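# Structural characterization, general
Next come the chains, spelled out residue by residue.
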Amino acid sequence: MDYRVLLVEDDERIRQALGLALGDEGFDVVESASGEEALHRLDTDVFDVVLLDLTLPGLDGLVVCKALRSRADLRIIIVTARTDTADVIAGLEAGADDYVTKPLVASELAARIRALLRRRRTDLQHAVYRMGDIEIRPDEGIARRAGADLRLTKTEFRLLAELATAEGRIVTREQLLRRVWGYDYYGDTRLLDVHIRRLRCKIERDPDAPEVVITVRGTGYRVDRSP
Amino acid sequence: MTDRRRLQLSLRWRLAAAFGLGSFLLSSVLAIATWNLSSGYLLRQREQSAVRQAEVNARVIDEEMRRGGEGLDKLLTGLTTGPDSTILLYRPGELRSSGRQIDPSVLPPRLLELARDGIPARQRLVVDGIPVVAVTLPVTAGDVYYVELSPTLQLDRTFRFLSAVLIAGTVVSGLLGVALGAWAGRRALRPLTELTAVAHRIAGGDLRSRLPERADPDLAPLARTFNATADQLEQRALRDARFASDVSHELRSPLTTMMNAAAVLRRRREEIPGTAGRATDLLTSEVDRFARMVVDLLEISRSDQQVDDRSLEPVDLGGLVRHVLATRSDAAAPEVEVDPCAPLVIADRRRLDRVVNNLLDNAERHAGGPVRVAVLRSDHQVRLEIDDRGPGVPAELREQIFERFARGTQAGSRGTDSGSGLGLALVAEHVRRHGGRAWVQDRPGGGARFVVEIPEATTR
């Protein structure tokens, strides 16, 4: 199955080389040279993933990212030459699902895209997990607090689903990175930290004193089923 | 030089000592002057009053003697003014005394001689342990003369008190001088202390520190000059950082193009026959090596800059090592030994990852692969050991191999698979950044043992 990828990159040579290589990896790549053009295309066309450069002329990558965040079915991967922690966190806070830093090879990017788009299969049919007044149905894509939709993004939902299905057992950071983002093993957990923070902002009463998603120091996270 | 500096008092204390000494000298002079004036005055007063008293007494005795002298003894007793005063009346062949009894021979002969010669005299004496003023007067011309010893105990007590007050005052004023000097020194040096603090902060990396603007004409130029220098330094640091970031960006972009173009070429290698094909192989493999080198170079130049605290977290080093080993495609898996207590370190996982990977790469490249990887705890340090069975590292190269672009003697022995030349330098940098150190030693039984020690995270 061909995934449709929108590649937003202002450097023409990178755009071409990455486009060719991703094409070789079996993706249907559409190239776009600016943020405005990308937003325009997304209005008229359907894509699975947007590969977004942060340094764009005109409309900045972060602005484009924020504009796209509301689209539930679209995954955003930031492709950036900025490697500072501050930049990475800013990108993730703006709503990206993942990020890769240049220089990168198409095969690595392809693996990342596939992991992000892979639907998780569970053997449990119509399972319901409850944590206090929060209810999540991983198969149906439903996460609610007291009956009201929590409006989680796909990545946040998968993160919560992974933690919920462990039913209070500890899920390590590496397990989460592998299951949610498809990282084989990659030491960077800033990605996870930012998503956990975003998730807590949506599900915790006080994100600074989390009661549902509990940090296990040095290891990972677990859910408290009766906060 | 250090000895001299140890002997030399600090500026503040020298100032305090000078103030103290000055104030001590000044108050000493004042005290001595006060002493001389007041003691002289009091003494004169006392002597004059003793003389006046003696003159009156001598006149009364004179009258009594003219009347016949029957009541002389009674009169003498009545004239003594207190238990400590003594009156002596020398008459030819007779000495009458009243009041405190003393041995007349203790009186200086010269004094008595003067009296005998009809000359009034007075002298301060100590008689039987009591200070007195002795006054001698002739009573009638010729043979009878009168001696009165009046005690000056009260005066002496006054002198003692006065001297005690003056000495204490001098000492206190000296001490006050020291205190004033110390205070003034601290106050005068406060701008210098501030300057030191700000310079220290700047040296510590806070380039935005500045001295406060001052109205004081003595200090304003210093603050202005210092701040201008700090401004320049900050600008320069910003420029450097921007340049490093630009370089990073400018290098990463074409590298991305090259790597992906190379990936396409490699995938379509069959389509390129003959010489062009071989050239393509060379090109693609060199692109990979070049990319690795650039990435390492950017990483090591970035590690010269400040560490971002946000990337620090507690890391289970044993777990991290196991994960790294699980993702590698090395020929033989090494023996793994991890302390059962799961030692934690506060670290940037990505950097630690690089440390472990680079050490494993190094063993793989130069020594036929690691044979043992251990994570141990000792004395608040977490210790990582990576052993190989290679030729080992000669003692003279053990420091050098951790330097940038240093290559071992075996470098290139594996043909195309040579590293960036920065692997161990990155290890050293990253470990240093975590407050630890890295070194190489002999492995018992042959080969090299690369050791990394990082302080253990304190629990909670």
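Calculation criteria
- Residues numbered from 1 in each chain as written.
- Chains lettered and ligands numbered in written order.
- Predicted model: local features only at pLDDT ≥ 70, side-chain atom pairs only at ≥ 80, totals over all residues.
- Helix = DSSP H or I, 4+ residues; strand = E, 2+ residues; numbered from the N terminus.
- Buried ≥ 20, exposed ≤ 12 C-beta atoms within 10 Å, placed from the backbone.
- Contact = placed C-beta atoms within 7 Å.
- Axes fitted to C-alpha atoms, helices over the stretch in contact; angles between N-to-C directions.
- Parallel < 35°, antiparallel > 145°, perpendicular 65-115°, else oblique.
- Nonpolar A, V, L, I, M, F, W, Y, C, P; charged D, E, K, R; others polar.
- UniProt positions renumbered as here; feature names shortened; annotations may be inferred.
- Pairing = 2+ DSSP bridges.
- Arc of directions from axis to C-beta.
- Left-handed = near helix turned anticlockwise from the far one by under 90°.
- Core = buried A, V, L, I, M, F, W, Y, C linked by C-beta atoms within 7 Å.

Okay, the overall build of chain A next. On a plain count of helices and strands, chain A comes out with eight helices and 12 strands. Counting over 227 residues, chain A shows a buried share of 41%.

Our next topic: the overall build of chain B. Secondary structure assignment for chain B yields 10 helices and 12 strands. Residue burial in chain B is summarised as follows: out of 460 residues, 27% are buried. The long-range fraction of contacts in chain B, counting pairs at least 24 apart against all pairs at least 6 apart in sequence, stands at 62%.

Moving on: the packing of helix 2 (residues 11–67) of chain B against helix 3 (residues 72–79) of chain B. Residues and elements named next belong to chain B. With their axes 10 Å apart at the nearest point, helix 2 and helix 3 run at an angle of 170° to one another. With respect to each other, helix 2 and helix 3 are oriented roughly antiparallel. Contact residues: N57, V60, I61, E64 and M65 in helix 2; L72, L75 and L79 in helix 3. Grouping the amino acids of the contact of helix 2 with helix 3 by side-chain chemistry returns six nonpolar, one polar and one charged.

Turning to the UniProt feature "modified residue: 4-aspartylphosphate" (unreviewed entry) in chain A, a few remarks are in order. Annotation from UniProt places "modified residue: 4-aspartylphosphate" (unreviewed entry) at D53 of chain A. Structurally, the position occupied by D53 of chain A is in strand 3 (residues 49–53).

Residue and element names in this part refer to chain A. For strand 11 (residues 213–216) and strand 12 (residues 220–223), the ladder comprises four bridges, and the chain directions are antiparallel. Along strand 12, the bridge assignment pairs V216 with G220. Where strand 11 folds back onto strand 12 in an antiparallel hairpin, the turn is made up of three residues, including G218, whose phi is positive at roughly 80°.

All names here are of chain A. Across the sheet, which stays open at both edges, the four strands sit in the order 6-7-8-9 with antiparallel pairing between neighbours. The strands lining the two open edges of the sheet, one partner per strand, are strand 6 (129–131) and strand 9 (148–149). As paired elements, strand 8 (residues 142–145) and strand 9 share two bridges and run antiparallel to each other. Among the inter-strand pairings, R145 is bridged to a residue of strand 9, identified as A148.

So, about the UniProt feature "transmembrane region" (unreviewed entry) in chain B. The positions UniProt marks with the feature "transmembrane region" (unreviewed entry) are residues 161–183 of chain B. Between the C-alpha atoms that bound residues 161–183 of chain B there is a distance of 32 Å. The span itself is 100% helix and 0% strand.

Let's shift gears to helix 7 (residues 173–181) of chain A. Within the sequence span of helix 7 of chain A, burial applies to R173, E174, L176, L177 and V180 of chain A. Summarising the axial view, the buried residues of helix 7 of chain A lie within an arc of 165°, below the 170-degree limit, and thus occupy one face. In this fold, the buried residues of helix 7 of chain A make contact with helix 6 (154–165), strand 10 (171–172), helix 8 (190–203) and strand 12 of chain A together with helix 8 (317–327) of chain B. Of the residues flanking the end of helix 7 of chain A, it is G182 of chain A, one or two places downstream, whose phi is positive at about 75°.

A few words now on the packing of helix 6 (residues 220–267) of chain B against helix 7 (residues 274–302) of chain B. Residue and element names in this part refer to chain B. Taken N-terminus to C-terminus, the directions of helix 6 and helix 7 make an angle of 155°; their axes are 10 Å apart at the nearest point. Classed by the angle they form, the pair helix 6 and helix 7 counts as roughly antiparallel. Two packed elements cross with a definite hand, and for helix 6 against helix 7 that hand is left-handed. Residues A244, S248, L251, L255, M258, M259, A262, L265 and R266 of helix 6 pack against T280, L283, T284, V287, A291, V294, L298 and S301 of helix 7. The residue inventory of the contact of helix 6 with helix 7, partitioned by class, reads 12 nonpolar, four polar and one charged.

Right, let's talk about the nonpolar core for a bit. Ranked by size, the top nonpolar core spans 71 residues in total, and within it V5, V50, L51, L52, I77 and L160 of chain A carry the most contacts. Among residues more than four places away in sequence, those in contact with L51 of chain A are V5, L7, V8, I77 and V79 of chain A. If you look at the next biggest cluster of nonpolar residues, it comprises 37 residues, including L317, V375, L426 and I454 of chain B.

Taken together, the contacts link 28 residues of chain B with 26 residues of chain A. Considering every element that reaches the side of chain B that touches chain A, the biggest residue donor is helix 6 of chain B, with 13 residues. Within the side of chain B that touches chain A, the residues separate by chemical class into 11 nonpolar, nine polar and eight charged.

With that out of the way, let us pick up the sheet that holds strand 2 (residues 28–32) of chain A. All names here are of chain A. If you walk across this open sheet you meet the five strands as 2-1-3-4-5, and the pairing is parallel. Each of the sheet's edge strands pairs with one partner strand only, and the pair in question is strand 2 and strand 5 (98–101). Going from strand to strand, the sheet's axes swing by 20° on average, the running direction of each strand aside. Examined bridge by bridge, strand 1 (residues 4–8) and strand 3 share four bridges and lie parallel to one another. Bridge assignment links V8 to a residue of strand 3, and that residue is L52.

Residues in a regular strand project their side chains so that they alternate between the two faces of the sheet. Residues and elements named next belong to chain B. Pairing geometry for strand 10 (residues 381–388) and strand 12 (residues 448–455), over seven bridges, is antiparallel. Across the sheet, residue Q381 finds its bridge partner in strand 12, namely P455. Across six bridges, the pairing between strand 11 (residues 437–442) and strand 12 is antiparallel. Bridging from a neighbouring strand, R437 pairs with E453 of strand 12. What sits between the antiparallel neighbours strand 11 and strand 12 is a turn of five residues, in which G445 has the positive phi angle 100°.

Below, the discussion takes up the environment of A263 of chain B. As for its position among the elements, A263 of chain B is in helix 6. C-beta crowding within 10 Å serves as the criterion here: with 24 such atoms nearby, A263 of chain B is assigned to the buried category. If we ignore the near neighbours within four places in the chain, the residues touching A263 of chain B are A21, V105, A106 and S107 of chain A.

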